[in-house]
Amino acid sequence: MKIYTGSGDSGLTHLVGGQRVLKSTLRIETYGTLDELNSFIGLLQAKLVNAEIKKLLARIQAQIFTLSSEIATPDELQRSRFKEKIDEKEIHFLEETIDQYSEKLPPLKSFILPGGGEKGALCHVARTICRRAERNLIRWAQEEDIEKNWIIYLNRLSDLLFVLARYLNFQDGRQEIAWKGLR
């Protein structure tokens, strides 16, 4: 099978189900941003040695792929047949994981600047890509009805990535830099 087909050369792409849409639509922009996020999480994972976090990130990558598949499928009946979905169970998993890693960290007393060590900084970049995907999804939701769990999931995922960035910096002995605010 060839990787190139030429079918997208006119600026159109196929959704699951066959419908062709412009590559500039918010639906495509959203799952394109999720693809970017997933790739960046893969880069972060390649830098890690912690097997527990690598396993967690692999699960998150699979969830992002599931979310992208749902977004690429406009037909609700077709989506309802998917074995994997982003639902309350996946959101609850993220919340439990946030709580688990937050308990291992010193409490936040101020806003912190993104950065720290390489792994923590990469995790902060992944968080900001996740926030962009969330903003795209919210803009798209103003035009079409979408699954409410998609927005909730991305909001929790960005929170988890923030906590993981802090945790990775903590594990690497990297000091968090507090934002001093406007003077």
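This one's a predicted model, so the numbers in the text were calculated from it and none came from an experiment.

Novice: I tried to follow the overall build of the protein on my own but got confused; where do I start?
Specialist: A tally of helices and strands in the protein yields 6 helices and 2 strands. For the protein, the sequential pattern of α-helices and β-strands runs β-β-α-α-α-α-α-α. Across its three principal axes, the protein shows a C-alpha extent of roughly 50 × 40 × 30 Å. Relative to its 183 residues, the protein shows a buried fraction of 40%. Considering only intrachain contacts with a sequence separation of at least 6, the fraction spanning at least 24 residues in the protein is 71%. Summing over all exposed atoms, the protein offers an accessible surface of approximately 10,800 Å²; the carbon and sulfur share of this is 54%. One way to put it: in the protein the 27 positive side-chain charges average out to a point 6 Å from where the 25 negative ones average out.

Novice: It is not clear to me how the nonpolar core should be interpreted in this structure. Could you clarify?
Specialist: Across soluble globular proteins, you tend to see nonpolar side chains buried next to one another. Ranked by size, the top nonpolar core spans 44 residues in total, and within it L37, I60, Y153, L154 and L157 carry the most contacts. At the level of secondary structure, the elements contributing two or more residues to this core comprise α1 (26-47), α2 (51-71), α4 (88-102), α5 (118-141) and α6 (148-171). Looking at this core element by element, the count peaks at 11 residues for α6. Contacts of L157, omitting those with residues within four sequence positions, involve L37, I60, I64, L94 and C130.

Novice: It is not clear to me how the packing of aromatic side chains should be interpreted in this structure. Could you clarify?
Specialist: Centre-to-centre distance and the angle between the planes together describe a pair of aromatic rings. Counted according to the given criterion, the structure contains 3 aromatic pairs. Seen in terms of ring centroids, W140 and W150 are 6.0 Å apart; in terms of plane orientation they differ by 15°. Their pairing is stacked. Here the residue W140 occupies a position in helix α5, and W150 occupies one in helix α6, the gap between them amounting to 10 residues. Residue W150 is classed as buried on the basis of its relative accessible area, which comes to 1%. Across from the ring centre of F93, 3.5 Å away, lies the NZ or CZ of R59, which sits over that ring. Positioned above the aromatic ring of Y101 is the side chain of K104, whose terminal nitrogen or guanidinium carbon lies 4.7 Å from the ring centre.

Novice: What is the right way to read the state of the cysteines from this model?
Specialist: By definition, a disulfide links two cysteine residues through a covalent bond between their sulfur atoms. The final tally for this structure, using the stated rule, is 0 disulfides. Lacking any disulfide linkage, C123 is separated from the closest cysteine sulfur, that of C130, by 10 Å. C130 gets classed as buried once you look at its relative accessible area, which sits at 0%.

Novice: Hey, could you run me through a nonpolar patch on the surface in this one?
Specialist: A cluster of nonpolar residues, F111, L113, I177 and W179, forms a patch on the protein surface that exposes about 470 Å² of accessible area. Mapped onto the fold, W179 is located in the segment after α6.

Conventions we followed
The residue numbering used here restarts from 1 in each chain and proceeds along that chain's sequence as written. In view of the model being predicted, local features appear only for residues whose pLDDT reaches at least 70, and side-chain atom pairs are presented and counted only at 80 or more, with totals across whole chains, interfaces and linings using the full set of residues. The side-chain quantities take in all heavy atoms of the structure and omit both hydrogens and water. Working definition: helices are DSSP H or I runs of at least four residues, strands are E runs of at least two. Numbering for both runs from the N terminus. Think of it in three bands: with a 1.4 Å probe and only protein chains considered, a residue is buried below 20% of the maximum accessible area for its type, exposed above 50%, and partly exposed in between. Pairs of residues are marked as contacts when any of their non-hydrogen atoms sit within 4.5 Å. Residue exposure ignores everything except the shown protein chains as possible cover, and the areas themselves are Shrake-Rupley values with a 1.4 Å probe. Positive charges come from Lys and Arg, negative ones from Asp and Glu, while His and the chain ends are left out of the count. Here the site of a charge means atom NZ of a Lys, CZ of an Arg, CG of an Asp or CD of a Glu. Throughout, nonpolar core names a set of buried Ala, Val, Leu, Ile, Met, Phe, Trp, Tyr and Cys residues whose side chains join them through atoms within 4.5 Å. Each pair of aromatic rings taken from Phe, Tyr and Trp, with Trp reduced to its six-membered ring, is defined by centres within 6.5 Å and is described as stacked if the planes are under 30 degrees apart, edge-to-face if over 60, and tilted in the remaining cases. To sit over a ring, a charge needs its Lys NZ or Arg CZ within 6 Å of the ring centre and within 35 degrees of the ring normal. Any two cysteine sulfur atoms lying within 2.5 Å of each other are counted as a disulfide. Residues enter a patch when their relative accessible area is above 30% and they make no salt bridge; the linking distance is 9 Å between like charges and 5 Å between nonpolar side chains (Val, Leu, Ile, Met, Phe, Trp, Tyr). Here, a salt bridge means any side-chain nitrogen of Lys or Arg that lies within 4 Å of a carboxyl oxygen of Asp or Glu.

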